[in-house]
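An overview of the molecular structure
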Amino acid sequence: LSMNIGLGAYRQFLREAAPFDEVVIFLDCCRDLEQRANAQPPLYSAKVWEERAAIVQDFVALASRFTKKAFEPTAPETGEKRGLFTAVLLEGLRGGINGQAADNKGNVTAHTIREYLNRRLPEYAAQFKRSQSPDVDGNYTDLVFCNVAHTWPTLMVEVPSTWTGAIALLDN
């Protein structure tokens, strides 16, 4: 955008204008104090929708705490640069290691992903000899991002003993 945007102002706008019931923001960026440009407010304005503003749930997960850097090392297995936060977030949205980012119903919720990010990001960063902790905030109560519980149907195929032809099971 060639300018910095101010998260606080955009977050307030989305809560007060209430165009959505749920607002989810993930930011994988540094939050250090190096200032290159002033943060810009939203480029548009809207009237506060007081009746709806009270029901808007928001969830904000930032790659690092205020004044800290976020890191994006080169992954040894792929050779690509990816933010530590993004890697752990994507891992969590898939259910996490051994399902640790999901609840007992297989739901990855705002609560479970917050707990997963808080626990997993520092340990993952340590593998790269870095220190990084997320900053997660919001007024969420029942946000569900996805369900990772897979229940596969059981299929039994009985082939008559007199069958002499080929048998092929096709997917789709």
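Let me begin by describing the structure that accompanies this report. Every value quoted in this text rests on a predicted model; they were computed, and no experiment measured them.

A count of helical and extended segments in the protein gives four helices and seven strands. Counting helices and strands in the order they occur from the N terminus, the protein gives β-α-β-β-α-β-α-β-α-β-β. A compact globule built from 172 residues should have a C-alpha radius of gyration of about 16 Å, whereas the protein, at 22 Å, is more than 25% larger. Seen through its C-alpha atoms, the protein measures out along the principal axes to roughly 80 × 45 × 30 Å. Put simply, of all contacts in the protein between residues at least 6 apart along the chain, 76% involve residues at least 24 apart. Of note, the protein has its 18 positive side-chain charges centred 7 Å away from the centre of its 21 negative side-chain charges.

To continue, consider the nonpolar core. In terms of nonpolar packing, the biggest core is built from 23 residues, with Phe59, Ala61, Leu84, Phe85, Val88, Ile113 and Leu117 touching the most fellow members. Elements represented by at least two residues in this core include exactly β4 (57–62), α3 (84–93) and α4 (110–126). Looking at which element gives the most residues to this core, the answer is α4, with seven residues. Apart from residues lying up to four places away in sequence, Val88 is in contact with Tyr116, Leu117, Arg120, Leu121 and Tyr124. Of all hydrophobic cores here, the second largest spans nine residues; its members include Ala17, Val56, Val60 and Leu62.

Before going further, it helps to spend a moment on the packing of aromatic side chains. Scanning all chains against the criterion turns up six aromatic pairs. With a centroid separation of 5.2 Å and 65° between ring planes, the pair formed by Phe13 and Tyr44 is classed as edge-to-face. On the criterion of sequence distance, the pair formed by Phe13 in helix α1 (residues 7–17) and Tyr44 in the loop between β3 (39–40) and α2 (50–53) is long-range, its members being 31 residues apart. Under the relative-accessibility criterion, Tyr44 is labelled partly exposed at 47%. Between Phe26 and Phe145 the ring centres are 6.0 Å apart and the planes differ by 55°, which places this aromatic pair in the tilted class.

It is worth spelling out the environment of Thr86 at this point. Relative to the helices and strands, Thr86 resides in helix α3. Judged by relative accessible area, Thr86 falls into the partly exposed class, the value being 25%. Thr86 sits 58 residues away from Asp28 along the chain, and the two C-alpha atoms are 6.5 Å apart.

With that out of the way, let us pick up a nonpolar patch on the surface. A cluster of nonpolar side chains, namely Leu155, Val157, Val159, Trp163, Ile167 and Leu169, defines an oily patch on the protein surface of about 650 Å² accessible area. Checked against the element boundaries, Leu155 lands in the segment after β7 (144–147). Classification of Leu155 by relative accessible area gives exposed; the value is 65%.

So, how was this worked out
- Residues numbered from 1 in each chain as written.
- Predicted model: local features only at pLDDT ≥ 70, side-chain atom pairs only at ≥ 80, totals over all residues.
- Heavy atoms only, no water.
- Helix = DSSP H or I, 4+ residues; strand = E, 2+ residues; numbered from the N terminus.
- Rg over C-alpha atoms; globule rule 2.2 N^0.38 Å.
- Contact = heavy atoms within 4.5 Å.
- Lys, Arg positive; Asp, Glu negative; His and termini not counted.
- Charge placed at Lys NZ, Arg CZ, Asp CG, Glu CD.
- Core = buried A, V, L, I, M, F, W, Y, C linked by side-chain atoms within 4.5 Å.
- Buried < 20%, exposed > 50% of the residue type's maximum accessible area, 1.4 Å probe, protein only.
- Phe/Tyr/Trp six-rings, centres within 6.5 Å; stacked < 30°, edge-to-face > 60°.
- Patch = residues over 30% accessible without salt bridge, like charges linked within 9 Å, V, L, I, M, F, W, Y side chains within 5 Å.
- Areas by Shrake-Rupley, 256 points an atom, 1.4 Å probe, with all protein chains shown as cover.
- Salt bridge = Lys/Arg side-chain N within 4 Å of Asp/Glu carboxyl O.

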